[in-house]
Amino acid sequence: MVGIVLASHGDLAAGIRQTGSMVFGDQENVAVVSLKPSMGPADFRAELEKAVAGFEDQEQVLFLVDLWGGTPFNQISAYLKGHDTWALVTGLNLPMLVEAYSARFDASQTAHDIAKHIVGEARKGVRVQPEDLEPAEPAATAAQAAPKGAIPPGTVLGDGHIKIAAVRIDTRLLHGQVATAWTKHVNPTRIIVVSDGVAGDTLRKTMITQAAPPGVPANVVPIKKMCEVFKDPRFGETRAFLLFESPEDLLACIEGGADIKDANIGSMAHSVGKVVVNKVISMDQTDIDTIERLKSLGVKFEVRKVPSDSSENIDDLLKKAKEELAKANQA
């Protein structure tokens, strides 16, 4: 695995590593080197060499640095000489780090491969609102500018069957961990939030579509519409990441005809009448009954917040929920 060194003036590198862990989970082979006011170039270089020495494999190292031309950059540039397999990228930001983490899952990727790839993703992560403040894009050619129009009903694309990249139950729906870590992990062409409530809420619907990661559009559809999509041959070239707010919505979709056999549970928020079963999941009796019903229909569950987490056992969580509810009812 490519080793990653985050380097910056002050505590920027340490802070972005911590934030990256919140989004993507804790990562191995990542080191932080910070230039403190009391340090000189030689001190920084010594810390740099110490960081790299801590990697088990020092053949492939990627340096993500805050500023071109600063002391961290200058020292790393000099350090790179004689190490032809290493690479350096400046402009350190969170999209860059998350993309680098994701790229490392492919063991064939070298430091040079990842460096080349993440530059574009880091630039895409720089956005602005209001959107009319965005710099104008270069004028499109006539062919590019021409609208594609709606696909006529009955048109068969691909094999005529929508592909499901992943299904996730998450009270927060499309948020940072989903837009970055999970989207990179499952590689969908489209994110679809399936919710009657959100589909009828203009504000929430707008916020979700705006939270979509670059290059992966997001849509919000009611449950009935999603059931229709499973039968619509126009979606044969779509690889979808489906997000549900609750197990109940997932069950309604499956009972409506959706062919779903696997689901990830990421979070189920606490509310009145629910008991806590782990840090991010709370259940009431309805949730328990629904998940057990889904299991009887052949749905297999994994329980993990981010891709790098190990999955918890759903049966253990259901057992704990039942025990905690029994205690609460006796109180």
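The rules behind the values
Within each chain, residues carry numbers counting from 1 in the order of the written sequence. Since the coordinates come from a predicted model, pLDDT governs what is reported: local features require at least 70, and pairs of side-chain atoms require 80 or more to be given and counted, while whole-chain, interface and lining totals use all residues. Computation of side-chain values: all heavy atoms of the structure, hydrogens and water removed. Strands pair, by our definition, only if DSSP identifies at least two bridges between them. Secondary structure elements follow DSSP: runs of H or I of four or more residues count as helices, runs of E of two or more count as strands, with numbering from the N terminus. Angles shown run from 0 to 180 degrees and are taken between the N-to-C directions of axes, each axis being a line fitted to C-alpha atoms and, for helices, limited to the stretch in contact. By definition, disulfides here are pairs of cysteine sulfur atoms that lie within 2.5 Å. Only protein chains enter the accessibility calculation, which uses a 1.4 Å probe; a residue is then buried when its area is under 20% of its type maximum, exposed when over 50%, and partly exposed in between. For this analysis, a polar contact is any N or O atom pair within 3.5 Å, provided that within protein one partner can donate a hydrogen and the other can accept it, and provided that sequence-adjacent residues contribute only side-chain to side-chain pairs. Two rings from Phe, Tyr or Trp (for Trp, the six-membered ring) form a pair when their centres sit within 6.5 Å of each other. Planes less than 30 degrees apart are called stacked, planes more than 60 degrees apart edge-to-face, and all others tilted. Small angles under 35 degrees read as roughly parallel and large ones over 145 as roughly antiparallel, with 65 to 115 read as roughly perpendicular and the rest as oblique. Helix crossings get a hand from a simple test, with the near helix turned counterclockwise from the far one by less than a right angle marking a left-handed crossing and a clockwise turn marking a right-handed one. Only heavy atoms enter the contact rule, under which two residues are in contact if any of them lie within 4.5 Å. Expected helix span is taken as 1.5 Å per residue step, with the number of steps being one fewer than the number of residues. Scored from 0 to 100, pLDDT reflects the predictor's confidence in each residue. Charge assignment in this entry is limited to Lys and Arg as positive and Asp and Glu as negative, and neither His nor the chain termini are counted. Counted as salt bridges are all cases of a side-chain nitrogen of Lys or Arg within 4 Å of a carboxyl oxygen of Asp or Glu.

1. Some points on the sheet that holds strand β7 (residues 218-221)
- Judged by pairing direction, the sheet is parallel, and its six strands sit side by side in the order β7-β6-β8-β5-β9-β12 without closing on themselves. One side of each edge strand has no neighbouring strand; the edge strands of this open sheet are β7 and β12 (300-303). Geometrically, the sheet is characterised by an average inter-axis angle of 25° between neighbouring strands, direction not taken into account.

2. Overview of the state of the cysteines
- Inspection of every chain in the model, using the stated rule, returns zero disulfides.
- Lacking any disulfide linkage, C227 is separated from the closest cysteine sulfur, that of C253, by 4.1 Å.

3. Some remarks on helix α4 (residues 94-103)
- Burial analysis of α4 places eight of its 10 residues in the buried class, the great majority of the element.
- Residues of α4 that are buried include every one of M96, L97, V98, E99, A100, Y101, S102 and A103, and no others.
- Among the residues of α4, the N-terminal cap falls to N93, whose side-chain oxygen and the backbone nitrogen of M96 are separated by 2.9 Å.

4. Thoughts on the packing of aromatic side chains
- Using the criterion set out here, one finds five aromatic pairs in the structure.
- The interplanar angle of 55° and the centroid separation of 5.8 Å between the aromatic rings of F24 and Y101 together place this pair among those described as tilted. With F24 in helix α1 (residues 12-24) and Y101 in helix α4, the pair connects residues that are 77 residues apart, well separated along the chain.
- We classify F24 as buried; its relative accessible area is 0%.
- Pairwise contacts between aromatic rings join F63, Y79 and W86 into one cluster.

5. Focus on the packing of α1 against α4
- The interhelical angle for the contact between α1 and α4, taken along N-to-C directions, is 55°, at an axis separation of 10 Å. With respect to α4, the element α1 is oriented oblique. Between α1 and α4 the crossing geometry is right-handed. Two secondary-structure elements touch here, α1 through I16, R17, T19, G20, V23 and F24 and α4 through L94, L97, V98, Y101 and S102.

6. Topic: the sheet that holds strand β2 (residues 30-35)
- If you walk across this open sheet you meet the four strands as β2-β1-β3-β4, and the pairing is parallel. Strands at the two margins of the open sheet, each flanked by one partner only, are β2 and β4 (87-90). Taking the axes of each pair of neighbouring strands and ignoring which way they run, one obtains an average angle of 20° across the sheet.
- Pairing geometry for strand β1 (residues 3-9) and β2, over six bridges, is parallel. Counterpart to A7 in the pairing with β2 is V33.
- Here helix α2 (residues 41-53) sits on the sheet in contact with β1, β2 and β3 (61-65), set at roughly 175° to β2.

7. Overview of the pairing of strand β6 (residues 190-194)
- Among the five residues that make up β6, four are buried, leaving the element largely enclosed by the rest of the structure.
- Taken together, the five bridges between β6 and strand β8 (residues 239-244) define a ladder with parallel strand orientation. Bridge pairing in β8 places R190 opposite A240.

8. Regarding helix α12 (residues 285-296)
- With 12 residues, α12 extends 17 Å from end C-alpha to end C-alpha; this agrees with the ideal 16 Å at 1.5 Å per step.
- Residues of α12 that are buried make contact with α11 (247-255), β9 (262-267), β11 (282-283), β12 and α13 (314-330).
- Within two residues after α12, G298 carries a phi angle of roughly 95°, on the positive side.

9. With respect to the pairing of strand β5 (residues 163-170)
- Burial runs high along β5: six of the eight residues are buried.
- Direction of pairing for β5 relative to β8: parallel, over a ladder of six bridges. Considered in β8, the bridge of K163 is made with R239.
- Strand direction decides the pairing type here: β5 and β9, joined by three bridges, are parallel. Note that in β9 the partner of I169 across the bridge is I265.

10. Let's talk about the confidence of the model for the protein
- Averaged over every residue, the pLDDT of the protein is 90; residues scoring 70 or more account for 96%.
- Within the model, the stretch residues 140-147 combines pLDDT values under 50 with one contact to residues more than four positions away or in other chains.

11. Here we look at the side chain of D66
- Among the secondary structure elements, D66 is positioned in the loop between β3 and α3 (71-80).
- It is K36 that comes nearest to the buried, bridge-free D66 among opposite-charge side chains, at 11 Å.
- Reaching out from D66, the side chain makes a polar contact with the backbone nitrogen of H9 at a distance of 2.9 Å.
- Contact partners of D66, with chain neighbours within four places excluded, come to A7, S8, H9, L12, P72, G91 and L92.

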